[in-house]
Structure formats: structure tokens, C-alpha cells
Amino acid sequence: MVKPVRKAVFPVAGLGTRFLPATKAIPKEMLTLVDKPLIQHAVEEARAAGIEMFAFVTSRGKTALEDHFDYNSELSQTLKSRGKDELLKAVEAAQIESGRFAFVRQSQPLGLGHAVWCAREFIGDEPFAVILPDEQVLSDKPCLAQMMDVYKEVGGNLLSVFDVPREQTNKYGILDIEGDDGRLAKVKGLVEKPDPSVAPSTLSIQGRYILQPEIFQHLQRFEKGAGGEIQLTDAMARLIGTQPFHGFRFEGQRFDCGDKLGFVLANAAYSLARPDMADKVRKALREML
């Protein structure tokens, strides 16, 4: 029987240097897609997939994240007294119930693998999801919810994946596959940022993972990989052959919101996807162009 996935880890300790000076005083995860921070989009995606517990792996200067998901009595009372019912609902929708979220400090930037390892006590002996808020997917059904449906079929470890141009394989974790039906690929190996000349495929890992707790046994070795960091990809590779391991081609449009152009395009796309804004935004863009 496949164990249910109830917990998710959000690695949010990065400095966001690509968005300076905007991120000098606020976390990059608080940058907004329309009117919701990136991190809220990620949490809502997790909730839609059935996640009940949320672990945020942070660093110095990230207290705004904690405040965002907490209850703000003064704001709520003010909105209520002014009859701002819709805004009050929006604010309350962002809250996470007490006892269901935790913040774990990553004291040094040692890599994604190390960030996930920092949440080991929160996860315990359960399968869990990892969500990178920088990567957003606009789709009818949230990306992680799509993955949960597949996970119930195949179990084990599941990665969301997409094809990249071969010349860009050195920017991503790449799958080495032994079977592929166009939707689900059976994984026989993983390579972090391979040179295009030796990349085993062009199928890249996207920022959504469902992993088994045995991953922590390999992360705790603190072995450094590409870039001198503790890579999650390296630890995952050690699970291949001992547990089911698949890559899933999700449905939807992916945006790299850790990149300035990707962030701008995501804002345009998310605006156009909203019934209350689509016509006005479309008209304004036509006039601008």
C-alpha cells in the first residue's frame, strides 16, 4: 500500500541576489504574482494536493514569511470594521492553522540537499513533497495534485519533469531513463547539470518532488557534488534501484520566477488567467505593444 503524503518542505533560504535591490530587505519568495506572494501560490498548490503540514527552511531575514501565514488580529479587525469582506477572506485564506507549520533555519547555504535535510525531524519516517516556490506552473489542475494522482499508482519517488533544449542541460538536473511512455518515464540515473555533450537526455527535473524518507540516510553523508554543494539530485540517485523512481511530465505552463524575464512573463500569464483582470490586462498589453 502506498503511504499518503501529508507533509511538504519549502526550501526558502536563498538570498535572491538575482532580484536585488528588491530583495535587499524582503525575501524573494514574498515577490508577488499579481496579488499573491510566490510562497503563497506554492502553499495553495500544496493544500490542493492534500498536504496538511508545512515546513519552511529559512535563513536570516525571512521573518516576513512567518508573519505572512500567521494570524494578524489588527488587520482582520480593521478589514471587518470597514466592511472589506472580500479582502478579509483573502487574508484569512493565507493563514495556516497553528501547529501545522514550522520554520527551520538553514544556517549556511550548503545546497538544496542540505536544505531538505534540515527538515528531517519535521518529516520523520513519512514520504513527503518538496516544492520550490521559484518555479510556478499555471494549469487547470495544480502540478502537485497531478503528481499525487500518479504517485498513488506507482509509489516510490516521483519527480515532475520537462524537456529542455540540449544546450541548456548544464543548468538542470537531468534524467537518465530506461522507459518512457510520453507521460511517465522510468528513471535509471540522475545527473546534476551535465555538459550537453554527455547529457543522457533532455528531460529535466522541475521544482516538485515526492520523496521517500530514506533520502535522509544519503543526505546525512553531506557529500558535495556539482558547484561544491550538497545536491538533492545526488542523494536521489542513490535510491534508484532500491525503490520505484519515475519522472512525470506535468500538464501546464512552467515559469522560472527566479529569473527576471520568467517572473515578468508569469505575472502577465497569471493576470490573463484571472476572469476579473483578463480583459483589462489584454487591452492594456495591446496598447502598450
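Residues numbered from 1 in each chain as written. Predicted model: local features only at pLDDT ≥ 70, side-chain atom pairs only at ≥ 80, totals over all residues. Heavy atoms only, no water.

Trainee: Before we go on, may I ask you to explain the packing of aromatic side chains in this structure?
Mentor: Describing an aromatic ring pair means giving the distance of the ring centres and the angle of the ring planes. Taken as a whole and assessed by the stated rule, the structure comprises 10 aromatic pairs. Where Phe 19 meets Phe 263, the ring centres are 5.5 Å apart and the plane angle is 80°; that geometry is what we call edge-to-face. Of this pair, Phe 19 sits in the loop between strand 1 (7-11) and strand 2 (32-33) while Phe 263 sits in helix 10 (residues 260-272), and the two are 244 residues apart along the sequence. Considered together, Phe 19 and Phe 263 belong to a single accessibility category, that of buried residues. Taking 6.3 Å as the distance between ring centres and 65° as the angle between the ring planes, the aromatic pair formed by Phe 255 and Tyr 270 counts as edge-to-face. Here Phe 255, found in strand 13 (residues 253-256), pairs with Tyr 270, found in helix 10; they are 15 residues apart in sequence, far enough to count as distant. For the residue pair Phe 255 and Tyr 270, the accessibility class agrees, reading buried in each case. Among the aromatic residues, ring-to-ring pairing joins Phe 10, Phe 54, Phe 56, Phe 69, Phe 101 and Phe 103 into one connected group. Between Lys 7 and the ring centre of Phe 122, over which it is positioned, the NZ or CZ distance is 5.4 Å. Just above the ring of Phe 19 sits the side chain of Lys 260; from NZ or CZ to the centre is 5.9 Å. (Phe/Tyr/Trp six-rings, centres within 6.5 Å; stacked < 30°, edge-to-face > 60°. Helix = DSSP H or I, 4+ residues; strand = E, 2+ residues; numbered from the N terminus. Buried < 20%, exposed > 50% of the residue type's maximum accessible area, 1.4 Å probe, protein only. Lys NZ or Arg CZ within 6 Å of the ring centre and 35° of its normal.)

Trainee: Even after reading the chapter, I still don't get helix 1 (residues 38-48), so can you show me in this structure?
Mentor: It helps to recall that an α-helix has 3.6 residues per turn; residues three or four apart then point in one direction. With 8 of 11 residues buried, helix 1 lies mostly within the body of the structure. Three or more residues of helix 1 are buried, namely Leu 38, Ile 39, Gln 40, His 41, Ala 42, Val 43, Glu 45 and Ala 46. After helix 1 finishes, the residue Gly 50 shows a positive phi value of roughly 95°.

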